[in-house]
Amino acid sequence: MSKHLHLNAFLMSVGHHEAAWRLPESDPHAHTDINYYVRLAQTAERGKLDSIFFADSPVLMGDPGRRPSGKLEPTVILTAVAVQTSRIGLIATASTSYNDPFNLARRFASVDWASNGRAGWNIVTTAGADAARNFGLDDTPDHRLRYEKAAEFVDVATKLWDSWDDDAVLADKELGIHTDASKVRKILHHGEHFRVDGPLNLPRSPQGYPLLVQAGSSEDGKEFAARYAEAVFTAQQTLDDAKAFYTDLKARTVAAGRDPQSIKILPGIVPIIGDTEEQARELDEELARLISPEYARKQLAERFKLPVDELDLDSELPEDLPTEDDIEGAKSRFTLIVNLARRERLTLRELIARLGGGRGHRTFAGTAVQVADAIEDWFRQGAADGFNIMPAVLPSGLERFVDEVVPILQERGLFRTEYTETTLRGHYGLARPANQFDDADALVAAR
Ligand SMILES: Cc1cc2nc3c(=O)[nH]c(=O)nc-3n(C[C@H](O)[C@H](O)[C@H](O)COP(=O)(O)O)c2cc1C
């Protein structure tokens with residue numbers, strides 16, 4: 001176990017809690033204000049956090065009545081943030097089901113250049129028929145197929161990023177040669193899902209390529225992570241589940257021929273911080289009171305594939321629910337939610353309150369010391385390499401985390417007091433990837 005933990009700030013509109021926008025302190029228009037995101041990133045950088053992260057999906061998620069749901073495209077946000085910050089890592093989601101590898105590889109290489117080596121890509125396959133219907137499909141492609149396509153997508157993207165040698169650009173004014181063309185190669189990828197000649201129209205970027213992040217916890221998701229991911233976001237409700245996930249994914253990573261240290265596992269935590277435990281609980285309860293349960297009831301009915309009127313707000317979940325095998329969308333989240341409701345015998349109304357903060361991520365209401373204790377406990381017990389910090393309310397939740405929790409973690413020697421590296425991979429203690437064509441070059445040169 002490394003001595004220091006890693007902290008990523010997962011930023012979502014005015015907070016992860018679905019009712020955060022209704023608090024008196026919240027600006028319900030902030031989610032479309034680029035300067036708002038710049039300020040959040042600067043706050044995270046003040047706390048020396050490893051990175052910030054924006055989730056995304058190419059669809060209007062849920063009912064727009066429920067919460068601020070329109071989103072700026074995250075690599076656009078990251079580009080603006082890149083020029084107003086200098087150290088913090090910048091991670092954005094992009095879908096492998098609804099993008100083309102060439103355009104996406106170019107976009108992330110551009111963010112890596114714009115930020116001097118701070119870009120990260122959260123690779124998702126995108127669940128949900130609504131998104132599929134924005135791209136000429138009737139329904140979500142099959143789960144396994146989505147992950148197969150994602151694997152080929154990442155193979156193509158890494159080949160494109162490696163299509164330029166690191167020393168290809170000479171910029172030799174005397175000789176009149178800008179780039180050594182022999183160090184820029186076509187990739188000629190002709191696969192099952194993609195045909196891409198390459199090369200990329202950008203030199204290899206400061207990190208070689210962006211940090212590869214993954215966030216699916218199903219069987220297919222874990223296998224994919226073990227092969228490709230350098231950081232993994234995951235939702236885990238209990239210490240036991242988090243430890244089992246951590247141990248399993250590290251073992252799969254070893255089985256895939258990789259060093260277990262080369263993958264960093266970050267479960268989510270939604271901290272609700274108060275001066276006293278009671279004050280934190282009051283904020284949690286106030287947020288729960290502001291939830292309009294009908295939106296969540298409809299969403300859960302869709303998730304469980306049931307008519308809405310079969311879900312009664314004041315009863316426990318029906319006995320007869322589908323199993324993970326029947327789900328083509330987000331498999332692991334389905335199981336997590338059903339297990340949470342059954343384990344704690346929650347009524348639907350209580351379940352909705354529990355999901356309101358982090359949609360299945362662990363919420364934790366307490367003082368700054370209690371939040372630091374919760375983080376330290378999971379870290380020391382081998383359940384995490386770090387955490388995805390998901391403030392329930394923004395910007396106040398991030399400010400309190402940075403100003404109150406981070407100093408405690410620093411005093412305990414668990415978190416950096418200054419940045420020692422300049423790239424996102426550097427912050428996570430990961431090496432810059434070698435160019436996969438280096439060996440091929442050596443072979444050609446030896447002939
Ligand atoms: C912290 C976190 C962030 C996620 N962000 C996104 C996202 O931005 N877009 C998306 O489509 N899915 C996102 N997901 C969902 C996962 O990519 C995945 O679809 C889900 O966890 C279910 O994966 P599975 O079917 O492999 O279990 C996120 C999941 C987690 C845990």
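Residues numbered from 1 in each chain as written. Predicted model: local features only at pLDDT ≥ 70, side-chain atom pairs only at ≥ 80, totals over all residues. Heavy atoms only, no water.

By the naming in an unreviewed UniProt entry, the protein is FMN-dependent oxidoreductase (Nitrilotriacetate monooxygenase family), taken from Nocardia alba. Listed in UniProt under the heading Sequence similarities (unreviewed entry), the comment for the protein reads: "Belongs to the NtaA/SnaA/DszA monooxygenase family." (UniProt positions renumbered as here; feature names shortened; annotations may be inferred.)

The next thing to look at is the overall build of the protein. What the protein contains, in helices and strands, is 15 helices and 13 strands. Against the 2.2 N^0.38 benchmark of 22 Å for 447 residues, the protein shows a C-alpha radius of gyration of 22 Å, consistent with a compact globule. Counting only C-alpha atoms and orienting by the principal axes, one finds that the protein spans roughly 75 × 50 × 40 Å. Of all 447 residues assigned to the protein, the portion counted as buried reaches 53%. (Helix = DSSP H or I, 4+ residues; strand = E, 2+ residues; numbered from the N terminus. Rg over C-alpha atoms; globule rule 2.2 N^0.38 Å. Buried < 20%, exposed > 50% of the residue type's maximum accessible area, 1.4 Å probe, protein only.)

Taken together, 25 residues lie around the ligand, and D56, H143, Y147, S218 and S332 are the ones closest in. Between an oxygen atom of the ligand and a main-chain N or O atom of D56, the distance comes to 2.7 Å. H143 places a polar side-chain atom, nitrogen or oxygen, 2.7 Å from an oxygen atom of the ligand. Relative to its free-state accessible area of 620 Å², the ligand is covered by the protein chains to the extent of 90%. At the level of elements, β4 (119-124), α5 (143-161), β10 (231-234) and α10 (331-343) are the ones that each hand at least two residues to the shell around the ligand. For the shell around the ligand, the leading source of residues is α10, giving three residues. Each residue belonging to the shell around the ligand can be placed in one class, and the counts come to nine nonpolar, 13 polar and three charged. In terms of domain composition, the shell around the ligand takes at least three residues from each of domain 1 (6-273 + 360-445) and domain 2 (287-356). (Near = heavy atom within 4 Å. Polar contact = N/O pair within 3.5 Å; in protein donor to acceptor, adjacent residues only side chain to side chain. Areas by Shrake-Rupley, 256 points an atom, 1.4 Å probe, with all protein chains shown as cover. Nonpolar A, V, L, I, M, F, W, Y, C, P; charged D, E, K, R; others polar. Domains from an automatic or database assignment.)

This part covers the UniProt feature "binding site: FMN" (unreviewed entry) in the protein. Per the UniProt entry, the sites bearing "binding site: FMN" (unreviewed entry) are D56, T93, H143, Y147, S217 and S218 in this numbering. Turning to its location among the elements, D56 is positioned in the loop between β2 (51-54) and α2 (74-82). Residues within four places of D56 in sequence aside, it is in contact with K71, P74 and T93. Mapped onto the secondary structure, S218 falls in the loop between β9 (211-214) and α6 (219-228). The class for S218 is buried, based on a relative accessible area of 4%. (Contact = heavy atoms within 4.5 Å.)

Mapped onto this structure's residue numbering, the UniProt feature "domain: Luciferase-like" (unreviewed entry) falls at residues 26-382. For the annotated span residues 26-382, helix accounts for 41% and strand for 14% of the residues, and the straight-line distance between the end C-alpha atoms is 36 Å.

Among the nonpolar cores identified, the biggest contains 75 residues, and L7, L49, I52, W121, W161, F387 and F401 are the most heavily contacted of them. Broken down by element, the residue count for this core peaks at nine residues, all from α5. Aside from chain neighbours lying at most four places away, what touches F401 is L7, P271, I273, V371, I375, I389 and V406. Counting residues in each nonpolar core, the second largest holds 47 residues, with F10, A20, I337 and V338 among its members. (Core = buried A, V, L, I, M, F, W, Y, C linked by side-chain atoms within 4.5 Å.)

Following the criterion strictly, the structure yields 28 salt bridges and no others. Measuring nitrogen to oxygen at the nearest pair gives 2.7 Å for the salt bridge that ties E230 to R425. In this pair, E230 sits in the loop between α6 and β10 while R425 sits in helix α14 (residues 424-427), placing the two residues 195 residues apart along the sequence. On the basis of relative accessibility, which here comes to 11%, the residue E230 falls in the buried class. A single salt-bridge network, built from bridges that share partners, covers E219, K222, E223, D248 and R252. (Salt bridge = Lys/Arg side-chain N within 4 Å of Asp/Glu carboxyl O.)

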